[in-house]
Amino acid sequence: MKLNLYAVPPLASAVLFLLVGGFVWLKNRKSKVNTLFLALCLATFVWQCSWSVLFSLTDHTWVFPLIQFTYSAIIFLPILIYHFTAAFLGVDARERSRLKVAYFVGLIFLATIYTPPYLIDGHYDYYFGPYPKANPYVHLPYLAFLSVVLGWTTYLLAASVFD
């Protein structure tokens, strides 16, 4: 592995997410909102840091396992955004059943990372490094799920503004 210039921006953003998430959490460790913000920042850290390593890999035997590990965090990003938003708005108790469903569906998609039909169907080799190749039969339902979760999150935000 050698540091690729294209690996620097994701590495820098990973470090920033880790620092900001840690800073916010340390301000009030008992706050549910701060803890969820830290979880969101940690998932983003894993995503960006893994991409940095991925772009620097020279041994392709580690590409697919690293992509699987990375997607284990990526799967939960929209759910964590939804959960954080619900807690921030103070409606997480009302959203509890939807949150449980969202996390359960996230676990189903997590299983598709490690078992057939795989969410990721190999990788492409680009000038900046390897990049995941999506399996459309699994990835399209995930994108639909992501859209519903983020759409509902947007609705909660808009409803809080106009309430």
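Above this text you will find the structure in question.
It should be emphasised that the depicted structure is a prediction, and the values quoted were computed from it without experimental measurement.

(A) Main features of the nonpolar core. If you look at the biggest cluster of nonpolar residues, it comprises 33 residues, and the most contacted ones within it are Leu 54, Tyr 71, Ile 75, Leu 119 and Phe 145. Elements that contribute at least two residues to this core include exactly helix 2 (32–56), helix 3 (63–74), helix 4 (77–89), helix 5 (96–114) and helix 6 (136–162). Top contributing element to this core by residue count: helix 3, with 6 residues. Contacts of Ile 75, omitting those with residues within four sequence positions, involve Gly 106, Phe 109, Leu 110, Ile 113, Leu 119 and Tyr 142.

(B) Up close: the environment of Tyr 126. By the element assignment, Tyr 126 lies in strand 1 (residues 120–126). Classification of Tyr 126 by relative accessible area gives partly exposed; the value is 41%. For the pair Tyr 126 and Tyr 71, spaced 55 residues apart in sequence, the C-alpha to C-alpha distance is 19 Å.

(C) Fine view of the pairing of strand 1. Across 5 bridges, the pairing between strand 1 and strand 2 (residues 129–134) is antiparallel. By the bridge assignment for strand 2, Asp 125 is matched with Pro 130. Linking strand 1 to strand 2, which pair antiparallel, is a turn of 2 residues.

(D) Spatial organisation of a nonpolar patch on the surface. A contiguous nonpolar patch, built from Leu 3, Leu 5, Val 8, Leu 11, Val 15, Leu 16 and Leu 19 and spanning about 680 Å² of accessible area, is present on the exposed surface. With respect to the element layout, Leu 5 can be found in the segment before helix 1 (8–27).

Thresholds, definitions, all that
- Residues numbered from 1 in each chain as written.
- Predicted model: local features only at pLDDT ≥ 70, side-chain atom pairs only at ≥ 80, totals over all residues.
- Heavy atoms only, no water.
- Core = buried A, V, L, I, M, F, W, Y, C linked by side-chain atoms within 4.5 Å.
- Buried < 20%, exposed > 50% of the residue type's maximum accessible area, 1.4 Å probe, protein only.
- Helix = DSSP H or I, 4+ residues; strand = E, 2+ residues; numbered from the N terminus.
- Contact = heavy atoms within 4.5 Å.
- Pairing = 2+ DSSP bridges.
- Patch = residues over 30% accessible without salt bridge, like charges linked within 9 Å, V, L, I, M, F, W, Y side chains within 5 Å.
- Areas by Shrake-Rupley, 256 points an atom, 1.4 Å probe, with all protein chains shown as cover.
- Salt bridge = Lys/Arg side-chain N within 4 Å of Asp/Glu carboxyl O.

Purely spatial values, then, with no claim about function.
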